[in-house]
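Listed below are the residues making up each chain.
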Amino acid sequence: MSSSSSPVTFSAVVARLRAAGCVFAEDEARLILSAGHGAAEAAEAAEIDAMVDRRAAGLPLEHVLGWAEFRGLRISIDAGVFVPRRRTEFLVERAVPLTRPGAAVVDLCCGSGALGAALASAAPGEVELYATDIDPVAVRCARRNVGAAGGTVYEGDLYEPLPAALRGRVDVLLANVPYVPTEEVGLLPPEARVHEARVALDGGADGLDVLRRVTAGAGDWLTPGGSLLFETSGRQARTAMAIVAESGLEPGLAECDELDATVIIGTSPSPT
C-alpha cells in the first residue's frame, strides 16, 4: 500500500525503507530525496513517494534512481538492464595500464556500457570505443553512456555486429560475460534474479559457456600483444584460465580481496 499521505522527510523515508528490509536505508533515502530536487513541491513529493514505493517493492535502487555510480561516473541505468557491480571496477583498473592513447577498445556483453565508458574516462588519452550487446534494452541504455564517451554501440551477438575493419586491431577487449551457472541463477538475490535480464546472468551449465565463445573468437580480433579481460568467480578461475590457454592466448590472473573480484587476462602473442 502506498504511503502517499506520509510527509516527505528524511526520517519518514528511512522508516519506510527500513521496514521494507533495505539494509542501507539512510544512504538510499539521501539518494532518493536528492533525486526529487528541482520539481515543484507537490510534484517532488509525489515523485519521491513513488520512488520509495518502487524501492520498497524490491526494485534495485539503481533502477529507481535511473543511474548507478561506477568508478566515479554516473552511468544511466534503465529498467531491466544489468546494474554494474562495484567489484567490476577492478576489471577496469586492470585494463587502464594496457590502454595506450589511440587504442581500439571493445566492450562485449556491454549491458549499460559502464566498463567501456569508465575505461575511456580513465585512459591516458583518447581511445576508439566500441560496444556490443544482444539485448536491445541494454543497447539503448549503453548508447547514452558509451555515446557520451565518444563511442559506438552495436546490437548483436558478441563479435557479429562489429565493423570488419576492427578485426585484428583491437588493443583491449573487455567482456563482462554472464558467469552464473544456470542452476544457481535461482539462488541470486531477487534484485538481480527478478529485475535484471536473464541473458546478463546465465552463463550455462558451468557458467562458462559465453566465455568459451568469447575466447574462441578473441584471437581473430585482438592485435598482437592485445588483451582480453573478463571477470569470473574464484572457483571458476582455474577452468577459465585453461579455456584462455586453449584459445591460444597467454592467461594471467588478478585478484582483489577487498572487492572479492577475480579477473582473467588473456594476452595475444606478439610477433617473434
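Residues numbered from 1 in each chain as written. Predicted model: local features only at pLDDT ≥ 70, side-chain atom pairs only at ≥ 80, totals over all residues. Heavy atoms only, no water.

**What about the pairing of strand E6 (residues 170-175)?**
Point 1. Counting buried residues along E6, six of its six residues qualify, which places the element largely inside the surrounding structure.
Point 2. Pairing analysis gives four bridges linking strand E3 (residues 104-108) to E6, with the strands arranged parallel. Its bridge partner lying in E6, Val106 is registered against Leu173.
Point 3. Of the strand pairs in this sheet, E6 and strand E7 (residues 222-232) are connected by four bridges, and their pairing is parallel. Directly across from Val172, in E7, lies its bridge partner Ser227. (Buried < 20%, exposed > 50% of the residue type's maximum accessible area, 1.4 Å probe, protein only. Helix = DSSP H or I, 4+ residues; strand = E, 2+ residues; numbered from the N terminus. Pairing = 2+ DSSP bridges.)

**What about the packing of helix H9 (residues 209-221) against helix H10 (residues 237-246)?**
Point 1. Remark: H9 packs on H10, axes separated minimally by 9 Å, with the N-to-C direction vectors making an angle of 25°. In this view, H9 runs roughly parallel relative to H10, as classed from their interaxial angle. The way H9 lies across H10 gives a crossing that is right-handed. Facing H9, whose interface residues are Leu211, Arg212 and Thr215, H10 presents Ala240, Ile243 and Val244.
Point 2. Of the residues contributing to the contact of H9 with H10, the split by class is four nonpolar, one polar and one charged. (Axes fitted to C-alpha atoms, helices over the stretch in contact; angles between N-to-C directions. Parallel < 35°, antiparallel > 145°, perpendicular 65-115°, else oblique. Left-handed = near helix turned anticlockwise from the far one by under 90°. Contact = heavy atoms within 4.5 Å. Nonpolar A, V, L, I, M, F, W, Y, C, P; charged D, E, K, R; others polar.)

**As for the packing of aromatic side chains**
Point 1. Counted under the stated rule, the structure contains one aromatic pair.
Point 2. Sitting over the face of the ring of Trp67, Arg74 holds its NZ or CZ atom 3.7 Å from the ring centroid. (Phe/Tyr/Trp six-rings, centres within 6.5 Å; stacked < 30°, edge-to-face > 60°. Lys NZ or Arg CZ within 6 Å of the ring centre and 35° of its normal.)

**Concerning helix H7 (residues 136-148)**
Each α-helix turn comprises 3.6 residues. Residues three or four places apart therefore point the same way.
Point 1. Over its 13 residues, H7 runs 18 Å from end to end, which matches the ideal 18 Å to within 8%, given 1.5 Å per residue.
Point 2. Of all bends in H7, the biggest is about 30°, found at Ala142.
Point 3. By the burial criterion, the buried members of H7 are Ala138, Val139, Cys141, Ala142, Asn145 and Val146.
Point 4. Here H7 starts with a cap whose side-chain oxygen sits 3.0 Å from the backbone nitrogen of Val137, and that cap is Asp135.
Point 5. Phi turns positive, to about 85°, at Gly150, one or two residues after H7. (Expected span 1.5 Å × (residues − 1). Bend = angle between axes of the 7 residues up to and from the residue. Polar contact = N/O pair within 3.5 Å; in protein donor to acceptor, adjacent residues only side chain to side chain.)

**A few points about the confidence of the model for the protein**
Point 1. Averaged over all residues, the pLDDT of the protein equals 93, while 94% of them reach at least 70.
Point 2. Under a pLDDT of 50 for its full length, residues 1-6 has, in the predicted model, six contacts with residues more than four places off or in other chains. (pLDDT = per-residue confidence, 0-100.)

**Notes on the sheet that holds strand E4 (residues 128-133)**
Where strands meet in a sheet, backbone hydrogen bonds hold them as pairs that are either parallel or antiparallel.
Point 1. The sheet built from seven strands is open, its strands ordered E5-E4-E3-E6-E7-E9-E8 with mixed pairing. Only two strands of the sheet have a single neighbouring strand rather than two, namely strand E5 (152-155) and strand E8 (250-256). Between one strand axis and the next, the sheet turns by 20° as a mean value, whatever way the strands run.
Point 2. On top of the sheet, helix H6 (residues 114-122) reaches E3, E4 and E6; it is set at about 140° to E6, its chief contact.

**Remarks on the side chain of Thr262**
Point 1. Examined against the element boundaries, Thr262 turns out to sit in strand E9 (residues 261-267).
Point 2. Discounting residues that sit within four places of it in the chain, Thr262 has contacts with Phe230, Glu231, Thr232, Ser233, Gly234, Ala237, Leu253, Ala254 and Glu255.

**Looking at the pairing of strand E1 (residues 67-70)**
Point 1. In terms of strand pairing, E1 meets strand E2 (residues 73-76) through four bridges, oriented antiparallel. If you follow Glu69 over to E2, its bridge partner there is Arg74.
Point 2. Two successive antiparallel strands, E1 and E2, enclose a turn made up of two residues, where Arg71 displays a positive phi of approximately 50°.

**A word on the packing of helix H1 (residues 10-19) against helix H2 (residues 25-35)**
Point 1. Running from amino to carboxyl end, H1 crosses H2 at an angle of 125°, the nearest separation of the two axes being 9 Å. Our classification of the angle between H1 and H2 gives oblique. In this structure, H1 crosses over H2, and the sense of that crossing is right-handed. Taking contact as the criterion, the partners of Phe10, Val13, Val14, Leu17 and Arg18 in H1 are, on H2, Ala25, Glu26, Glu28, Ala29, Arg30, Ile32 and Leu33.
Point 2. The residue inventory of the contact of H1 with H2, partitioned by class, reads eight nonpolar, no polar and four charged.

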